[in-house]
Amino acid sequence: MSLPIGAPAPTFSLPAVEGTASLDQLTDKNAVVVAFSCNHCPYVMAWEGRMNDIARDYADKGVAMVAINANNEATHPADSYDKMVERANEKGFVFAYARDESQEVAKAYAAERTPEFYVLDGDRKVAYHGSLDDNTEPELATTAFLRDALDAVLEGKTPATTETAAVGCTIKWKK
Amino acid sequence: MPENLPVTYLFNEDCPSHEAGQELLSAAAKAAGISLDVTVVEVVDDDQARELNFHGSPTYILAGEDPFPPPEGVAVMAQACRVYARSDSRMGPLPSLEDLATALTTAHTRTQGATA
């Protein structure tokens with residue numbers, strides 16, 4: 001069962017490609033996007049350029065994005081920390097990219113897929129949960145769920161759409 | 001009269017692209033003007049994935065050959081979405097319509113040549 005809209009966001013502090021990604025270090029931000037992501041999934045590959053665009057476009061509006069990779073690297077070596085560093089550098093990620101080795105953060109958010117997005121408002125409550133937009137092909141996307149949610153939150157409003165289905169690969173849990 | 005092209009469509013329910021992948025196959029066949037005999041196989045565990053050399057869902061086997069060889073090092077396991085490096089330089093969960101139609105045409109030509 002997913003984290004309900006309006007629920008307080010679980011805090012975290014995780015090793016990231018650069019330093020540490022901690023929700024408690026983002027108290028000055030107007031909103032935070034927590035994105036469960038990874039390296040190996042083709043859905044992430046299809047959307048990660050748009051993730052980077054959003055992180056860049058909203059940085060000046062006081063929005064931070066943290067992508068969290070919780071996948072089991074034993075079964076998916078492409079999702080190891082070292083591979084994350086390579087990917088972030090290759091793609092020029094402007095968002096934090098953190099490793100959830102214990103998978104505890106993914107479990108706390110009840111995340112199931114990559115990519116899967118949570119928008120946290122200024123009180124760090126969940127304001128939106130789901131997909132970035134409605135198509136892996138950027139030219140076919142008609143509704144920008146994540147941007148719309150951020151715009152609403154920055155205006156102090158409730159997003160018109162608060163939940164959509166996250167479409168992507170399942171998180172690869174340890175057994 | 002040309003025979004239908006045999007296609008094995010391998011998928012795993014864990015990956016959400018399998019329905020769109022079948023629709024894409026039909027659209028690509030129509031675009032290429034080729035009739036298909038499609039066998040749909042659900043890959044349910046890693047043993048079956050290894051047996052079928054399954055590199056993620058969906059996988060198209062056209063007349064016995066995989067037209068989109070995966071990069072080296074890609075895991076062979078049931079619960080995986082396949083990565084398609086497309087000719088438009090994008091990466092995604094499905095090939096482009098054009099890439100799949102071209103692959104169908106190539107496989108069809110190969111099989112027709114073999115049976116001529």
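None of the values given here were measured: they were computed from a predicted structure.

Remarks on the interface of chain A and chain B
- Each partner contributes residues to the interface: chain A has 17 residues there, and chain B has 15 residues.
- Summed over both partners, the interface of chain A with chain B buries about 1,200 Å², with 57% contributed by carbon and sulfur atoms.
- Along the contact surface separating chain A from chain B lie four salt bridges.
- Of the charged contacts, one joins E137(A) and R86(B) as a salt bridge, the two residues approaching to 2.7 Å between their closest N and O atoms.
- There are eight residue pairs in polar contact (both at pLDDT 80 or more) connecting chain A and chain B.
- Elements with a minimum of two residues in the side of chain A that touches chain B: α1 (42–59) and β9 (169–170) of chain A.
- Counting residues per element, the side of chain A that touches chain B draws most heavily on α1(A), which supplies four residues.
- Taken together, the residues of the side of chain A that touches chain B break down into seven nonpolar, six polar and four charged.

Looking at the packing of aromatic side chains
- Summed over all chains, the structure comprises 11 aromatic pairs over all chains.
- Summarising the aromatic geometry, the rings of Y9(B) and F11(B) are spaced 6.4 Å apart at their centres and angled 25 degrees between planes, so their arrangement reads as stacked.
- The rings of Y9(B), F11(B), Y60(B), F68(B) and Y84(B) are connected pair by pair, giving a single aromatic cluster.
- Here K61(A) stacks its cationic end above the ring of Y58(A), 4.5 Å away from the centre of that ring.

Conventions we followed
- Residues numbered from 1 in each chain as written.
- Chains lettered and ligands numbered in written order.
- Predicted model: local features only at pLDDT ≥ 70, side-chain atom pairs only at ≥ 80, totals over all residues.
- Heavy atoms only, no water.
- Contact = heavy atoms within 4.5 Å.
- Buried area = accessible area lost by both parts, 1.4 Å probe.
- Salt bridge = Lys/Arg side-chain N within 4 Å of Asp/Glu carboxyl O.
- Polar contact = N/O pair within 3.5 Å; in protein donor to acceptor, adjacent residues only side chain to side chain.
- Helix = DSSP H or I, 4+ residues; strand = E, 2+ residues; numbered from the N terminus.
- Nonpolar A, V, L, I, M, F, W, Y, C, P; charged D, E, K, R; others polar.
- Phe/Tyr/Trp six-rings, centres within 6.5 Å; stacked < 30°, edge-to-face > 60°.
- Lys NZ or Arg CZ within 6 Å of the ring centre and 35° of its normal.

Coordinates in, geometry out; function isn't part of it.
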